[in-house]
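Take a look at the letters that make up each chain.
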Amino acid sequence: METTQLLREYDIRPSFTRVSIYEYLKSHRVHPSAEDIHRALSPTIPTLSRTTVYNTLHLLVQKQLVTTLDVEEEQQRYDIPDHPHAHFKCRKCKAVYDLEDVHPSNIPQDKLNGFRVEEAKLVYYGLCPDCQQTA
Ligand SMILES: [Zn+2]
Ligand SMILES: [Zn+2]
């Protein structure tokens, strides 16, 4: 779906800035912080303030179009919850990767003893393939 249309469906006025921030998150699946987003979009939107980035992210999180990551970080990091996945944080390069196959939504119902999971936030820690090479 077009971002403009998506934002409208969630009662968000699709300003150029809002659309740009959402699309940046969607096309950069590295779980950027607000600072990262501000740095990346400033050349295209020179008037963009940090406050606007924070406010926009806050709005998108409220509307559940964007989620925050439960990863130990100095800065809050953001993601788009468009498919169920767990996260893997590399202890060395600090990158946060998506892991689809190990997400609890793939656990068979009969293993859950009658509990119905509605949401899962799962983080694995270790070394990513690149960092294992150089370890
Ligand atoms: Zn790494
Ligand atoms: Zn993710």
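Residues numbered from 1 in each chain as written. Chains lettered and ligands numbered in written order. Predicted model: local features only at pLDDT ≥ 70, side-chain atom pairs only at ≥ 80, totals over all residues. Heavy atoms only, no water.

## What about the pattern of salt bridges?
Two side chains carrying opposite charge are able to pair once their charged atoms lie near each other. How we decide: By definition, a salt bridge exists where a carboxyl oxygen of Asp or Glu is found within 4 Å of a side-chain nitrogen of Lys or Arg. Think of it this way: any DSSP run of H or I at least four residues long counts as a helix, any run of E at least two long counts as a strand, and we number them from the N terminus.
Scanning the entire structure with this criterion turns up four salt bridges. Between D82 and R29 there is a salt bridge, and its shortest N-O distance comes to 3.1 Å. Remark: R29 occurs in the loop between α2 (16-27) and α3 (34-41) and D82 occurs in the loop between β2 (78-79) and β3 (86-90); sequence separation between them is 53 residues. Residues R50 and E35 are paired through a salt bridge, measuring 3.0 Å at the closest nitrogen-oxygen approach. Taken as a pair, R50 in helix α4 (residues 50-62) and E35 in helix α3 lie far apart in primary sequence, 15 residues in all. Salt bridges sharing partners connect three or more residues here, namely R29, D79 and D82.

## With respect to the sheet that holds strand β4 (residues 96-99)
Heads up, the condition is: Think of it this way: DSSP has to see at least two bridges between two strands before they count as a pair. Between N-to-C directions, angles span 0 to 180 degrees; the directions come from axes that are lines fitted to C-alpha atoms, helices contributing only their stretch in contact.
An order of β4-β3-β5 is seen for the three strands of this open sheet, with the pairing classed as mixed. Only two strands of the sheet have a single partner each, and these edge strands are β4 and β5 (123-126). Between one strand axis and the next, the sheet turns by 30 degrees as a mean value, whatever way the strands run. Looking at chain direction, β3 and β5 are connected through four bridges and run parallel. Residue pairing in the sheet places H87 in a bridge with V123 of β5.

## Digging into the domain arrangement of the protein
Quick note on the threshold: Where each domain starts and ends follows an automatic or database-derived domain assignment. Should any heavy atoms of two residues lie within 4.5 Å, those residues are counted as being in contact. Joining two parts hides part of their accessible area as seen by a 1.4 Å probe, and the buried area is that hidden amount summed over both.
When the domains of the protein are assigned, the result is domain 1 (3-78) and domain 2 (83-134). Here domain 1 and domain 2 have C-alpha centroids that lie 23 Å from each other. With 10 residues of domain 1 at the contact, the number on the domain 2 side is 11 residues. Carbon and sulfur atoms make up 46% of the area that domain 1 and domain 2 hide from each other, which totals about 840 Å². Contact with domain 2 buries surface across domain 1, with H31, D70 and V71 losing the most and accounting together for 45% of the total. Counting every contact that joins domain 1 to domain 2 gives zero salt bridges.

## Comments concerning the coordination of the zinc ion (ligand 1)
How we decide: Water is not among the atoms examined, so metal sites may look incomplete; donors are the N, O and S atoms within 2.8 Å of the metal, or within 3.2 Å for Na, K and Ca. Between 85 and 135 degrees for all angles marks four donors as tetrahedral; over 155 degrees for opposite donors together with 65 to 115 for all other angles marks four donors as square planar and six as octahedral; every other arrangement is irregular.
Looking at the metal site, the zinc ion (ligand 1) is ligated by C90 (SG), C93 (SG), C128 (SG) and C131 (SG), spaced 2.3 Å from it. Around the zinc ion (ligand 1) sit four donor atoms, and with donor-metal-donor angles ranging over 104 to 116 degrees the site reads as tetrahedral. Read from N- to C-terminus, the donor residues coordinating the zinc ion (ligand 1) fall into the pattern C-x2-C-x34-C-x2-C. Separated by 35 residues along the polypeptide, C93 in the loop between β3 and β4 and C128 in the loop between β5 and α5 (129-134) bring together distant segments of the chain.

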